[in-house]
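Coordinate analysis (summary)
The residues making up each chain are set out below.
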Amino acid sequence: MTPYPLSDSIDQSTPIAVLSYAVHVPGADSWATGGAAIDGEPMCSAEEAQSVLGRKGLLFKEPATRLAMCAVQRALGLPPGRPAGPLPLADRTAVIVSSNLGNLQTVCSIAAAVRVSDFHVVSPLETPNASSNVIASTIAIRFGFTGPNIMLCNGATSGLDAVRLGARLLRAGRAERVVVVGAEPEDEVAQALAKSRDPRTSPDRGVPALRAAASCVVLGRADSPAFAEGTALLGAGGVLPPGSAVDQILPTDFRGLMFVPYGLSPRVPAADGDQDRVVDLTERLGETYGALGVLQVAAAAARLTSGEGTDQAYAACGDAIEGYAWLSLHAGTVTT
Amino acid sequence: MIPAISGFEALTCLGDAEQTFQALCRGESGVSPLQRDTEQLGVDYAYEITADFQGRRASRWLARVVQGAVKAAGIDPAATRVAVVVGTGLRELPDAEWWWVDGDSMNLPDLHFGAAVRSVLPEAIEVLTISNACAASGYALALGADMLAAGEADAVVVAGCDSVTDSMLAVMGRGSPVRSTSVRPFDTQREGVLLGEGAVAVVLEPQERLARDGRPVLALLHGVGLTCDAFHETAPHPPGIAQCMREAHQRAGISPAEIDLVLAHGTGTALNDPAEADALAEVFGPAIGQALVTGIKGAIGHTSGGAALMALVVAVQAIRDGIVPAVLGLAEPIPEAGPLGLVCGAAVESRPQLAQVDAFGFGGVNVVALVGAAS
């Protein structure tokens, strides 16, 4: 085991790489995921999760939790079924999950059921789902990850916030590897709350319906043994407060691949003949809210490592009410 | 980097941070009959903030303590890059329940605390809401310290807040063998845990900033360990807890013999208390008898996401005032707690210099922090 670097400060220049990734968006094709999925991949529905995860351990697991576990299983390149033994680096692996709506239906359903009956209607097997960190802890238990385990419920920016937080955990020596996951459901309670969003979040277009989706990116330091030349590296990132102008959110002189918040693609001129340079994943998939930023990073990693020649990417998610998060990425030749 | 604590504020069933500490030292409890339908929920008591039953309770309490802590620290948010990390167990799920069941108003972003923080700190460069069960504000503390060490902020407000949900109360009612009337940490006659409500905020800054401005260092944050048991969805696991303590000690570069106060998680449950006592005895070894051990949930309940920072603030106050409150509700310790120097009966005068703060949550999320006197 590598000893903790107990240095006085955290070196921001330590390069962080996307070691692997997978998206798990039932029913989506490769184009809809911005190239992150490969057509023909088994992106099963939450109900069919046993085809990826095996039968055991799925009872009372919510749809977002199931999709999240499928994304992790596939990002780690594991065969179907429960991992047989401890995974390499499990004791030095952190988990960060971005989700806002994963357990909303369970919480609201319990509250409604108790109101017309009493607490005896609650199944003890639902207990873990009353706590909002259930997705992150379920992933830790399934895969044996004993590093820091963080559930980020930070709204529309949460996905990119989670990726940036993952990079900071690595630089702080709190983990050797970070499994970053974004996952949201599309059940009726979540859909109803999503409809409550301020229409200013998507002017002229209406509030899009939720799309159940999960994505996983595995982060490591670029000097880690798992790092391969050409892997996508994380660059600078940050946040912008609510009310920020479009030219603050999206760099006007950027010519690389750009993943934009919902509805902002018409504001960016596409390069000649390259319709796929500016990608609005919400336009393609629907509202994936807290999962969006992690889907964007997976798609960026896919494109940067595809050999198509693109070597710079930029992702931004969020909206006019909640503010924005952004992150730049590039195809990595590490010069350390 | 060892960040300084430059300000704090809290709100509990016993009042603000100073009122709460005074009440703790007097041995007062904030428990009261639950202000909800106890037959539906299967829970009779809680440590609620009973003066306030309007909506967005946690959000408003959080805004109040963030504002109070920033003011206490004496920083100018307009001239300082201030980031905020909020730890919560239940977010604004109480309001989501009222929205779904009663048709109250709710907007999607109200689930988290970005807008609540920005209502009092519009200059904040970043606001993060972390929902890490009963370890949440301890995780916020660690991540806030990392943000400072990375130079991403000049000051970080780390906070915690929670108000009770019907769903969590019903889950507790369903799972409890007896209906608890109070929380009795480490006691043989314990009846189980009860929820507490409130919010807490602590300001972290580099020591150099305080020295430059001539502002006082209230305490030093020596290190925070974060682990996950990866073992059980709701039950704690002694090896995971012990590993978290060791990680905190290692990151802080201290040995257990240097610790003279432990703010235990102590939930008054059969699951936590023996596990925590065993882990403390194992990690501290022969040094375990030298540290005073106390806990605050007998007085303010289990404040869920706020619990870690509530205990941290009490540790800072104990170091400052030279007095350690007793574990309210503790008369006869469980056998596992035998080696622990539990403070029982009345508060004791002491001069602790270095305190360990424990918090463990659903899903096996663990945090252990080490906070010490300003040297």
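Residues numbered from 1 in each chain as written. Chains lettered and ligands numbered in written order. Predicted model: local features only at pLDDT ≥ 70, side-chain atom pairs only at ≥ 80, totals over all residues. Heavy atoms only, no water.

1. Some thoughts on helix α9 (residues 292-304) of chain A
With 13 residues, α9 of chain A extends 18 Å from end C-alpha to end C-alpha; this agrees with the ideal 18 Å at 1.5 Å per step. Burial runs high along α9 of chain A: 13 of the 13 residues are buried. (Helix = DSSP H or I, 4+ residues; strand = E, 2+ residues; numbered from the N terminus. Expected span 1.5 Å × (residues − 1). Buried < 20%, exposed > 50% of the residue type's maximum accessible area, 1.4 Å probe, protein only.)

2. What about a nonpolar patch on the surface?
Residues Leu59, Phe60 and Leu125 of chain A make up a contiguous nonpolar surface patch of about 310 Å² in total accessible area. Following the sequence through the fold, Leu125 of chain A ends up in the loop between α3 (104-116) and α4 (134-143). (Patch = residues over 30% accessible without salt bridge, like charges linked within 9 Å, V, L, I, M, F, W, Y side chains within 5 Å. Areas by Shrake-Rupley, 256 points an atom, 1.4 Å probe, with all protein chains shown as cover. Salt bridge = Lys/Arg side-chain N within 4 Å of Asp/Glu carboxyl O.)

3. Details of the confidence of the model for chain A
Counting all residues, the mean pLDDT for chain A is 91, and 94% of those residues have values of 70 or more. Here residues 1-7 of chain A is a poorly scored stretch, pLDDT under 50, and it has 13 contacts once near neighbours within four places are set aside; other chains count. (pLDDT = per-residue confidence, 0-100. Contact = heavy atoms within 4.5 Å.)

4. Digging into the pairing of strand β8 (residues 198-205) of chain B
Residue and element names in this part refer to chain B. Judged by how many residues are buried, β8 sits mostly within the fold: eight of eight residues are covered. Side-chain alternation along β8 places Gly198, Val200, Val202 and Leu204 on one buried face and Ala199, Ala201, Val203 and Glu205 on a second face that is also buried. Examined bridge by bridge, strand β1 (residues 4-12) and β8 share seven bridges and lie antiparallel to one another. What sits directly across from Ala10, in β8, is Val200. Looking at chain direction, strand β7 (residues 155-162) and β8 are connected through seven bridges and run antiparallel. The residue of β8 that forms the bridge with Val157 is Val203. (Pairing = 2+ DSSP bridges.)

5. A look at the interface of chain B and chain A
The interface is formed by 65 residues belonging to chain B together with 67 residues belonging to chain A. Roughly 5800 Å² of surface becomes buried between chain B and chain A when both sides are summed, with 60% attributable to carbon and sulfur atoms. The tally of links from chain B across to chain A stands at five salt bridges. The interface formed by chain B and chain A includes 28 residue pairs in polar contact (both at pLDDT 80 or more). Contributions of two or more residues to the side of chain B that touches chain A are made by α2 (38-41), α4 (93-102), β6 (126-130), α6 (136-149), α7 (166-175), β9 (219-228) and α9 (238-252) of chain B. Residue contributions to the side of chain B that touches chain A peak at eight residues, all from α4 of chain B. Classifying every residue of the side of chain B that touches chain A gives 34 nonpolar, 16 polar and 15 charged. (Buried area = accessible area lost by both parts, 1.4 Å probe. Polar contact = N/O pair within 3.5 Å; in protein donor to acceptor, adjacent residues only side chain to side chain. Nonpolar A, V, L, I, M, F, W, Y, C, P; charged D, E, K, R; others polar.)

6. A look at the pattern of salt bridges
In total, this model carries 30 salt bridges over all chains according to the counting rule given. Taking the shortest distance from any N to any O, the salt bridge between Lys61 of chain A and Glu233 of chain B comes out at 2.6 Å. Placement of Lys61 of chain A in the loop between α1 (50-53) and α2 (63-75) and of Glu233 of chain B in the loop between β9 and α9 is noted, with the two residues assigned to different chains. Owing to a relative accessible area of 16%, Lys61 of chain A belongs among the buried residues under this scheme. For Glu233 of chain B, a relative accessible area of 24% puts it in the partly exposed group. Glu126 of chain B is the salt-bridge partner of Arg164 of chain A, the closest N and O atoms lying 3.0 Å from each other. One end of the pair, Arg164 of chain A, is in helix α5 (residues 158-171); the other, Glu126 of chain B, is in strand β6, on a second chain. Through salt bridges with shared partners, a single ionic network connects Glu205, Arg209, Arg212, Asp213 and Arg215 of chain B.

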